[in-house]
Every structure is written in structure tokens, then in C-alpha cells.
There are 2 protein chains.
Amino acid sequence: MAAKRSGAQNKQFQQTSVRLQPVQEASREPLLSRERIVATAVELLDAQGIGGLTMRRLADRLGSGVMSLYWHVDNKEDVFDLALDAVLEYRGPPQTIEPQDWRGEVVHMLEDWRASMLRHPWSASLLPRRALGPNILSRLELLSKTLSRAGVADAELNAAIWSLWNYVMGATITRASFDLSDDERATAQLRLTRLSERYPTIERSRLLLDNDWDGAFRKGLDFLLDGLAPRQ
Amino acid sequence: MAAKRSGAQNKQFQQTSVRLQPVQEASREPLLSRERIVATAVELLDAQGIGGLTMRRLADRLGSGVMSLYWHVDNKEDVFDLALDAVLEYRGPPQTIEPQDWRGEVVHMLEDWRASMLRHPWSASLLPRRALGPNILSRLELLSKTLSRAGVADAELNAAIWSLWNYVMGATITRASFDLSDDERATAQLRLTRLSERYPTIERSRLLLDNDWDGAFRKGLDFLLDGLAPRQ
DNA sequence: ACCTGAACACCGTTCAAGT
DNA sequence: ACCTGAACACCGTTCAAGT
């Protein structure tokens, strides 16, 4: 059983080229790296969806043998975790939001979170099934601090956070799935039309067809925030 | 390519034993049936989770060859669709709810929906990714009718329905995932404790540990309903 | 009408090496 | 320190049959 790389090491070795190891003839970059693997995994997931990520395909794209991946990465689950976290980074609110505008800050972070997941539609349905990575924890920390500052009592904080989490995740997972399968959706509505006597109301309102997803998202979010921490 | 069974046939053949086919020596029940396959698939999913359902394992449990399944079922996706729908049936509100109490009716249906999915934790994360089956469409139809009766305008009906859908799905998917991995959750909180300087607020509030999921669900739901159709 | 086994083109991962 | 191929124990599904 070979000793494995510990996962805590990083890319700060370029300035100090001499190390404990014997001098290497050209100190060339290794072919593979954690970063390159994760970036390629995200590409593959974007292109082929969740079922399209395969250790073999991943190695192909990187021009390496399959088993070489396992030096840098524990297993396939690990690749999923890393790709997911890579996609969830938050850069903070724009300058235009004033520091005391807690509601603007919360809404911005949540909409940015949702947008990030929609840019990588596989990520939304993956997130609830994996351990929470550093980037999503940072978002939760920010949310927690902001709501606290807005006057939400400590005893209600967790319920408030999870309500928002639930709403964002539900909205995004649903939206991402519907996006992925435009024709499937059309056939669903078609099938529905044939059965319109069984589902007359949703037939009439064309529930499965034309929806203002973004508007609906924002509206429901406002209702929740009104309930959680009423406008002053 | 053999002709395939059409999927519309059902189990009303016991009273009239004579049919178009030549008389069979004992008219014995076929070994397999759509119903038996679906019921066994649900068992398997309950026991082993989403990754545990395998055509080979399913056939094993049924005491048949793998390929025999394909007579009754199109493919594995079909099995997923059928198992999912089987689990989502709604029997209607209890007698104790009065007919004009639209809010009670909505809350009962949504909580029953959530409870059904939690009884089969694989179902929640599956539902948004598959085409909507008859049982979930019936629930949406009921929801639509009830909200309409409660005075929600036609123009707002779809947004209202999707807000509720999003909330229920997000809450249930999250809850089901957290349930599945109690020790994973513990290690997550442990890892968090080590990093408590980075996430002090969620550390302090023990966000990842002790939560009143059911209470939080009900609270958020009330906020949404208040917003969607204010109490009279 | 219903069931079957062999075969194909895939998977993730272990192991024992190579440099 | 980093990369490799062979091998194992799995997958879903096609095909050409059997009764």
C-alpha cells in the first residue's frame, strides 16, 4: 500500500525550488494536479451531466491513465465533493449594497448561490447528498451573521436558516431539472393534454409549460423573509 | 425484436378466465408481473438506497433471470418511475377536516406528501429528476383546485404552486439526506469544531446538529401560506 | 405470451509494479 | 513522488433463442 499524498499540501513551491528531496533534473510540473483534475471534472459534468463523470473519461481528458487519478484523489466521491465545492464560491455582495441593508445582502447571496448552481445544473441535486464543503459553509456563516444582525433571535436562527436553505434548494433543483429536459417536459404536457379530464385545473393553467421561474423564486423568497424577520 | 406488452393492460382477468388465447393447461399466474416488480423495487430501494437498485439484484429477489424483467418493463429508468409513483399515492384528507377549511386541506396534503417521501428517503431526491407521474399530478391538481377555491387569482396560481413545491421538495430532500448519514453529520460537525474560528456563528448555534426539522418545516410553510393567500 | 443465457461495452477500485 | 496496466467484480442492455 503506497503512502498517499495528504491533501493539505499546496502550490507554494515555485519560489523555493530546493526542498528535502534530492534535486530533480528539471523540477518539472507533475502532469496531474488536484486543481487540474477538479477543473476537468467540472467541465465534464457541465458537458455530460452527473452520469457523464467517469474516472475513465476523466483520465482520458487529462491524457493520463485512470489509476493515476487515485494518487491525487481518494475516489470518485472525492471528485464529486471537490467539483461541487469549486462551483459554490462566494465573492461577497457588490459595492452598491449598503452595509446596513441586511435584506439586500441576504437576497444577493441567495440569488448568487442559485445562479451558481444553475450555471452547473448537476450541482444542485448533488449538494444535499454530500457533506458540506468550505464554500457552502461560508455562505451559511454569512447568512447566519446577517440574520442575527437583522434581529432574528438566537432561538429562531436555525429554523430561519433551514427554511431559506430548503426554499433555495427546492427551487434550484426543480428548475435545473426542468431545464435539462425541455422535450421531456413537452411530452409530459402532451400526455397531460390527453388526460385533461383528470387534471383540468393544471391543464388550464399550463402549470408545466410557461413559468416565470425567476419571478416566482423572488416572490416566494420575499414571503419567507417577511415571515422570518418582518420589514422594520 | 419481440412484440412488447403495452403497459395499459391490468389485473382484471381473474373473473373472466377465458380469453382470446388457446386454453392453457392450468392458466397459472405468470411468475413475474409489473406489480410484483415494482413492489420488489420499492423494497430494494428502501433497504439499499438509490445505488442499491440493480436489475440483477432485482431479478435475484424475484427469483427470475435478469432479462425476464425486460418483458414487463422498458428499462431501469422505467422501474424508477414506477417505484416513485407507487410511493406517492394520496388518499385524501381525514374526515376531521371541514370542507371549507382550505388551509387545513393544503397543509394536510403537503405534510402527507412529505411524510410519504420520508418513509422512502430515496424518493425525494428522485422526484425532481423524473417525469411527473399520475399520483404526483393528482396532488398538484388538488393543490391547484384548493388554492383557487381559497381565492388565489388565476394569474398567481402557478407561482403559488411552485413556491409550495419548491419549499416541500427542498425541505424533504435535505431532511432525507441528513437522516441517511447520521455519523457523516457528526464528523461534519466535528470538522466544523476544529475550524470554529472560520465559522463561529454556525458553530455556536449548532446548526448542523440539533434541529426540530418538523417544527421548522411547519413554520416556514405557514409563512409561505400567509404570503400566498392571507388568512381571511 | 412469457422467460432465458451468452455476449458486449461499459463501470470503480485493488494490487503489484515501474521510474 | 508520481504514474501505470492487468485484473476483479460488478453494471445495463441487445440479440437470438427457447417454451
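What counts as what
Residues numbered from 1 in each chain as written. Chains lettered and ligands numbered in written order. Predicted model: local features only at pLDDT ≥ 70, side-chain atom pairs only at ≥ 80, totals over all residues. Heavy atoms only, no water. Near = heavy atom within 4 Å. Polar contact = N/O pair within 3.5 Å; in protein donor to acceptor, adjacent residues only side chain to side chain. Helix = DSSP H or I, 4+ residues; strand = E, 2+ residues; numbered from the N terminus. Nonpolar A, V, L, I, M, F, W, Y, C, P; charged D, E, K, R; others polar. pLDDT = per-residue confidence, 0-100. Contact = heavy atoms within 4.5 Å. Expected span 1.5 Å × (residues − 1). Buried < 20%, exposed > 50% of the residue type's maximum accessible area, 1.4 Å probe, protein only. Least-squares fit on C-alpha atoms with pLDDT ≥ 70 in both. Phe/Tyr/Trp six-rings, centres within 6.5 Å; stacked < 30°, edge-to-face > 60°. Salt bridge = Lys/Arg side-chain N within 4 Å of Asp/Glu carboxyl O. Buried area = accessible area lost by both parts, 1.4 Å probe. UniProt positions renumbered as here; feature names shortened; annotations may be inferred. Core = buried A, V, L, I, M, F, W, Y, C linked by side-chain atoms within 4.5 Å.

Novice: Honestly, the protein's contact with DNA strand D in this entry has me stumped. Any pointers?
Specialist: Near DNA strand D, the surroundings consist of 20 residues, among which Ser68 and His72 of chain A together with Arg56, Met67 and Tyr70 of chain B are the closest. Backbone atoms, meaning sugar plus phosphate, form 48% of the atoms of DNA strand D positioned within 4 Å of the protein. Between DNA strand D and Leu31 of chain A, the relevant distance is 2.9 Å, taken from a phosphate oxygen to a main-chain nitrogen or oxygen of the residue. In this structure, Leu32 of chain A approaches DNA strand D through a main-chain N or O atom, which is 3.1 Å from a phosphate oxygen. Elements with a minimum of two residues in the surface near DNA strand D: α3 (69–72) of chain A together with α2 (55–62) of chain B. Among the elements that make up the surface near DNA strand D, the one with the highest residue count is α2 of chain B (3 residues). Partitioned by chemical class, the residues of the surface near DNA strand D number 10 nonpolar, 6 polar and 4 charged.

Novice: Please clarify how the confidence of the model for chain A should be interpreted in this entry.
Specialist: The predicted structure's coordinates, where accompanied by low pLDDT, should not be read in detail. Residues and elements named next belong to chain A. The share of residues in chain A with pLDDT of 70 or more is 78%, and the mean pLDDT across the chain is 83. The weakest mean pLDDT in chain A belongs to helix α9 (residues 182–194) at 65; the strongest belongs to α3 at 98. This stretch, residues 6–27, has a pLDDT under 50; its non-local contacts, to residues over four places away or in other chains, come to 3 contacts.

Novice: Please clarify how helix α1 (residues 34–48) of chain B should be interpreted in this entry.
Specialist: Working note: α-helix, 3.6 residues per turn, so residues spaced by three or four point in the same direction. Residues and elements named next belong to chain B. The end-to-end C-alpha distance of α1 is 21 Å, a good match for the 21 Å that 15 residues give at a rise of 1.5 Å each. Taken as a whole, α1 has its buried residues at Arg34, Ile37, Val38, Thr40, Ala41, Val42, Leu44 and Leu45. Looking at the buried positions of α1, the neighbouring elements they touch are α2, α3 (69–72), α4 (76–86) and α6 (121–126). Trailing α1 by a residue or two, Gly49 shows a phi angle of about 80 degrees, which is positive.

Novice: Before we go on, may I ask you to explain the relation of the copies chain B and chain A in this structure?
Specialist: Turning one copy of the chain about an axis and sliding it along that axis gives the other copy, so a rotation and a shift relate them. With an axial shift of 0.0 Å and an RMSD of 0.0 Å, the rotation relating chain B to chain A amounts to 180 degrees. What we have between these two chains is a two-fold relation. Closest approach to the rotation axis within chain B is made by the C-alpha atom of Gly170 of chain B, at a distance of 1.8 Å. By residue overlap, the copies meet face to face through one surface: 100% of the interface positions of chain B are interface positions in chain A.

Novice: Explain the packing of aromatic side chains to me, please; I cannot follow it from the model alone.
Specialist: One pair of aromatic rings is described through two measures. These are the centre distance and the angle between the planes. Inspection of the entire model under this criterion finds 8 aromatic pairs over all chains. Residues Trp162 of chain A and Trp213 of chain B carry aromatic rings whose centres are separated by 5.3 Å and whose planes lie at 45 degrees to one another, so their mutual orientation is tilted. One end of the pair, Trp162 of chain A, is in helix α8 (residues 154–180); the other, Trp213 of chain B, is in helix α11 (residues 213–228), on a second chain. Comparing Trp162 of chain A with Trp213 of chain B shows no difference in burial state: the two are buried.

Novice: What exactly am I supposed to notice about the protein's contact with DNA strand C here?
Specialist: Around DNA strand C there are 20 residues in total, and Arg56, Met67 and Tyr70 of chain A together with Ser68 and His72 of chain B lie nearest to it. In DNA strand C, the atoms that sit within 4 Å of the protein are 48% sugar and phosphate, with bases accounting for the remainder. Residue Leu32 of chain B places a main-chain N or O atom 3.0 Å away from a phosphate oxygen belonging to DNA strand C. Going through the elements one at a time, α2 (55–62) of chain A together with α3 of chain B are the ones with two or more residues in the surface near DNA strand C. Tallying contributions element by element places α2 of chain A first for the surface near DNA strand C, with 3 residues.

Novice: Would you explain the pattern of salt bridges in this entry?
Specialist: Once the charged atoms of two side chains with opposite charge are near each other, the side chains can pair. Residues and elements named next belong to chain A. Counted by the stated rule, this structure contains 27 salt bridges over all chains. Here Glu77 ties to Arg130 by a salt bridge, and the two come within 3.3 Å at their closest N and O atoms. You can see Glu77 sitting in helix α4 (residues 76–86) and its partner Arg130 sitting in the loop between α6 (122–126) and α7 (134–149), a full 53 residues away along the chain. On the basis of relative accessibility, which here comes to 44%, the residue Glu77 falls in the partly exposed class. Between Arg130 and Asp81 there is a salt bridge; the shortest N-O distance is 2.7 Å.

Novice: Whenever I open this one, the side chain of Ser163 of chain B confuses me. Can you help?
Specialist: For Ser163 of chain B, the position within the fold is in helix α8 (residues 154–180). Leave out the neighbours within four places in its chain, and Ser163 of chain B touches Tyr167, Ala216 and Gly220 of chain A together with Leu224 of chain B.

Novice: Would you explain the interface of chain B and chain A in this entry?
Specialist: The parts lose accessible area when they come together, and the size of an interface is often stated as this lost area. Opposite the 50 residues of chain B that make contact, chain A presents 50 residues. Of the roughly 4500 Å² buried where chain B meets chain A, counting both sides, 62% is carbon and sulfur surface. Its largest share of buried area at the contact with chain A, chain B owes to Glu141, Trp162 and Phe223 of chain B, together 13% of the area lost on that side. Between chain B and chain A we count 16 residue pairs in polar contact (both at pLDDT 80 or more) in total. For the side of chain B that touches chain A, the per-class residue count stands at 26 nonpolar, 13 polar and 11 charged.

Novice: Help me understand unusual backbone geometry in this model?
Specialist: Backbone phi values are negative for most residues with the exception of glycine, while trans is the configuration of most peptide bonds. Residues and elements named next belong to chain A. In this structure, Arg206 takes a positive phi of about 50 degrees despite not being glycine. Inspection of the secondary structure assignment puts Arg206 in the loop between α10 (200–204) and α11 (213–228). On the basis of relative accessible area, Arg206 is assigned to the partly exposed category, the value being 40%.

Novice: Explanation requested: the environment of Leu62 of chain A in the structure shown.
Specialist: All names here are of chain A. Looking at the element boundaries, Leu62 is found in helix α2. Distance in space between the C-alpha atoms of Leu62 and Ile37 is 7.5 Å, their sequence separation being 25 residues. Apart from the residues within four sequence positions on either side, Leu62 is in contact with Leu31, Leu32, Arg36, Ile37, Thr40 and Leu69.

Novice: I tried to follow the UniProt feature "DNA-binding region" (unreviewed entry) in chain A on my own but got confused; where do I start?
Specialist: The sites that UniProt annotates as "DNA-binding region" (unreviewed entry) are residues 54–73 of chain A. Summarising residues 54–73 of chain A: 60% helix, 0% strand, and an end-to-end C-alpha distance of 14 Å.

Novice: What is the right way to look at the nonpolar core in this model?
Specialist: Here is a general trend for soluble globular proteins: nonpolar side chains tend to be buried in one another's company. Of all hydrophobic cores here, the largest spans 122 residues; its most connected members are Trp113, Leu127 and Leu147 of chain A together with Trp113, Leu127 and Leu147 of chain B. Each residue touching Leu127 of chain A, except ones within four places of it in the same chain, is listed here: Leu84, Leu88, Trp113, Met117, Leu132, Ile136, Trp165 and Met169 of chain A.

Novice: Any chance you could explain the side chain of Asp78 of chain A here in plain terms?
Specialist: Residues and elements named next belong to chain A. Within the secondary structure layout, Asp78 lies in helix α4. Overall, Asp78 belongs to the buried group, its relative accessible area being 13%. Apart from the residues lying within four places of it in its own chain, the contact partners of Asp78 are Arg34 and Val73.

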